[in-house]
Amino acid sequence: MSTYDTQSSTLPRVQGGALYPEPLLDPSNPNQGALPAYWVGPRHLAGDDGRLYDVVADTLAGLGWTSLMIGRGRQEPNEAPEDRQVLRSTVLHISPDTLRWAQWVLPDEPFHLGDLPVAWQVSARSDASSPLADWSAYFTRDVPGEVVGDFLLALDACGQPGAMSAGPEAVLDAVTAHGWLRDADQPHAAAMHPTFTSRLGLGEVPPPIQDSDPRALTAEAKSSAVMGWQAWAELGVGASYLWAASFSARVPHSLVAAFASSLSSTAPVLRRVLPESTRDRLLRAPAS
C-alpha cells in the first residue's frame, strides 16, 4: 500500500463554492435551497447559514483569487487513480500577487479554538520569495460568512498585508461606533456587545496561533507574551462558545478593525438556517 499527497499545481481548479462537492465539505448539511429566507440580526449571533465555505469562496472568486483543491489519501498498488481513497481534502485560495492566501481547513484535521474546529485560516506575507507567512487569522464555523468576507475584502485591498497602518484603538472604535461597550476593566483592550453575548479583546494568543514574531515560537516568560486580537460569542459565563476567531500578533489592526466593524454592524443578514442556540435571541423578518 502506498500513500499519496497530491500537489496543488496538478489538481483542477475550483471556480467557486458551488462547484466544490458539498459531501466533501460537510456531509451532514442538507440542501437548504427550499427553506424560507429571513433577514435577521444581530449578525454576531446569526451563525453561518451552513454556507461558510460557499460565501467566502464566492467572495474570493470575485476578487480573482485562484482556487485549488488539495487531496491526500491512500492508493493501492496498480489501483486506478479514480479508485483511490481520499482521506483528507481542503481548498486553497491564493491572491494574484501570492502574498495572501485562505485555506478551508475544516475537512483537513483542523485544530480547535475554544473547543471549536477552525474552518478558515487566512495568512499573508510581505515578501513573495518567503515560504512563511508573516501572520495568520483563524475562524471557526458559525462566524458569519459576511464578516470573514469583509475581512478578506480589506486584506485584498491593502497594498502591503503586513503593514501596520493603524493602532489598536481603531479596532475598539469600530465596534463602539455600532453600540458595543468598552470593558470597564480594560477600556483600551476589550469591548463587548451590550447583551454580553459577544466579546473582542487584545490579549495573549492561544498556543496554536502562528505568527512570524519569534516570541511566538519560544517558551519565554509571561512578560514576553505575544498579544493578538481574539473574538468569541457565548450565551453565558461558562457556556460553550458559539464561535471564535483569533488573530496572530502581526495581523494589522486595520484589518482586525474591518472584521470588528462587520461583526458589530447593525445591518441584517440573510439566513435560511437559524442556529438553534440563538434562535430565540434573533430578530427576523421574511425576506420576501
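Please refer to the structure placed before this passage.
The shown structure was predicted, so the numbers you read here are calculated from the model rather than taken from an experiment.

(A) The arrangement of the nonpolar core in detail. If you look at the biggest cluster of nonpolar residues, it comprises 51 residues, and the most contacted ones within it are Phe139, Phe151, Leu152, Leu155, Phe247 and Phe259. Top element by residues in this core is helix α5 (residues 253-264). It accounts for six residues. If we skip the residues at most four places from it in the chain, Phe247 touches Ser136, Ala137, Phe139, Phe151, Val205, Ile209, Gly228, Trp229, Gln230, Val256 and Phe259. Counting residues in each nonpolar core, the second largest holds nine residues, with Val105, Val118, Val205 and Ala244 among its members.

(B) Just unusual backbone geometry, in detail. Between Gly41 and Pro42 the backbone carries a cis peptide bond, its omega angle lying at 0°. For Pro42, the position within the fold is in the loop between β2 (38-41) and α2 (52-62). Located in the positive-phi region is Asp115, a residue other than glycine, with phi close to 70°. Mapped onto the fold, Asp115 is located in the loop between β6 (112-113) and β7 (116-124). With a phi angle near 75°, Asp142 is a residue other than glycine that sits in the positive phi range. Of note, Asp142 is situated in the loop between β8 (135-140) and α3 (145-157).

(C) Examining the pattern of salt bridges more closely. Taken as a whole and assessed by the stated rule, the structure comprises six salt bridges. The salt bridge involving Arg100 is made with Asp97; its shortest N-O contact spans 2.6 Å. Two residues, Asp183 and Arg199, come together in a salt bridge whose shortest N-O distance is 2.3 Å. In this pair, Asp183 sits in the loop between β9 (181-182) and β10 (190-192) while Arg199 sits in strand β11 (residues 198-204), placing the two residues 16 residues apart along the sequence.

(D) Highlighting the packing of α2 against α3. Two elements in contact, α2 and α3, have axes separated by 9 Å at closest approach and are oriented at 25°. With respect to their mutual orientation, α2 and α3 come out roughly parallel. Crossing geometry of α2 relative to α3 is assigned as right-handed. Every residue of α3 that contacts α2 at Leu52, Val55, Val56, Thr59 and Leu60 is listed here: Gly145, Glu146, Val148, Gly149, Leu152 and Leu153. When the residues that make up the contact of α2 with α3 are grouped by side-chain class, the tally is seven nonpolar, three polar and one charged.

(E) Representation of the environment of Leu263. Among the structural elements, Leu263 can be located in helix α5. Residues within four places of Leu263 in sequence aside, it is in contact with Arg43, His44, Val147, Trp180 and Trp243.

(F) Geometry of helix α4 (residues 169-176). If you check which residues of α4 are buried, you get Val171, Leu172, Ala174 and Val175. All buried residues of α4 project into a common sector of 155° when viewed along the axis, lining one side.

(G) Layout of the sheet that holds β2. Within the open sheet, the three strands sit side by side as β14-β2-β15. Their pairing is antiparallel. Unpaired on one side and paired on the other, β14 (269-271) and β15 (283-286) mark the two borders of the sheet. Adjacent strand axes in the sheet meet at a mean angle of 35°, parallel and antiparallel pairs treated alike. Looking at chain direction, β2 and β15 are connected through four bridges and run antiparallel. Each bridged residue has a counterpart across the sheet, and for Gly41 the counterpart in β15 is Leu283.

(H) View of the packing of aromatic side chains. Counted according to the given criterion, the structure contains eleven aromatic pairs. A ring pair is formed by Phe151 and Phe247, whose centres lie 5.6 Å apart and whose planes are at 55°; its orientation type is tilted. Separated by 96 residues along the polypeptide, Phe151 in helix α3 and Phe247 in strand β13 (residues 241-247) bring together distant segments of the chain. One exposure class covers both Phe151 and Phe247, and it is buried. Three or more aromatic residues joined by ring pairs make a cluster, and in this case those are Trp135, Phe139, Phe151, Phe247 and Phe259.

(I) Representation of the pairing of β11 in the model. Within β11, five of the seven residues are buried, leaving the element largely enclosed by the surrounding structure. Of the pairings in the sheet, the one linking β10 to β11 comprises three bridges and is antiparallel in character. Note on β11: the bridge partner recorded for Met192 is Arg199. Here β10 hands over to β11 after five residues, with Phe196 in that stretch at a positive phi of 65°. In this structure, β11 lies alongside strand β12 (residues 227-234), joined through seven bridges in antiparallel fashion. Residue Gly203 lies in a different strand from β12, and its bridge partner there is Gly228.

Definitions and limits used
- Residues numbered from 1 in each chain as written.
- Predicted model: local features only at pLDDT ≥ 70, side-chain atom pairs only at ≥ 80, totals over all residues.
- Heavy atoms only, no water.
- Core = buried A, V, L, I, M, F, W, Y, C linked by side-chain atoms within 4.5 Å.
- Buried < 20%, exposed > 50% of the residue type's maximum accessible area, 1.4 Å probe, protein only.
- Helix = DSSP H or I, 4+ residues; strand = E, 2+ residues; numbered from the N terminus.
- Contact = heavy atoms within 4.5 Å.
- Salt bridge = Lys/Arg side-chain N within 4 Å of Asp/Glu carboxyl O.
- Axes fitted to C-alpha atoms, helices over the stretch in contact; angles between N-to-C directions.
- Parallel < 35°, antiparallel > 145°, perpendicular 65-115°, else oblique.
- Left-handed = near helix turned anticlockwise from the far one by under 90°.
- Nonpolar A, V, L, I, M, F, W, Y, C, P; charged D, E, K, R; others polar.
- Arc of directions from axis to C-beta.
- Pairing = 2+ DSSP bridges.
- Phe/Tyr/Trp six-rings, centres within 6.5 Å; stacked < 30°, edge-to-face > 60°.

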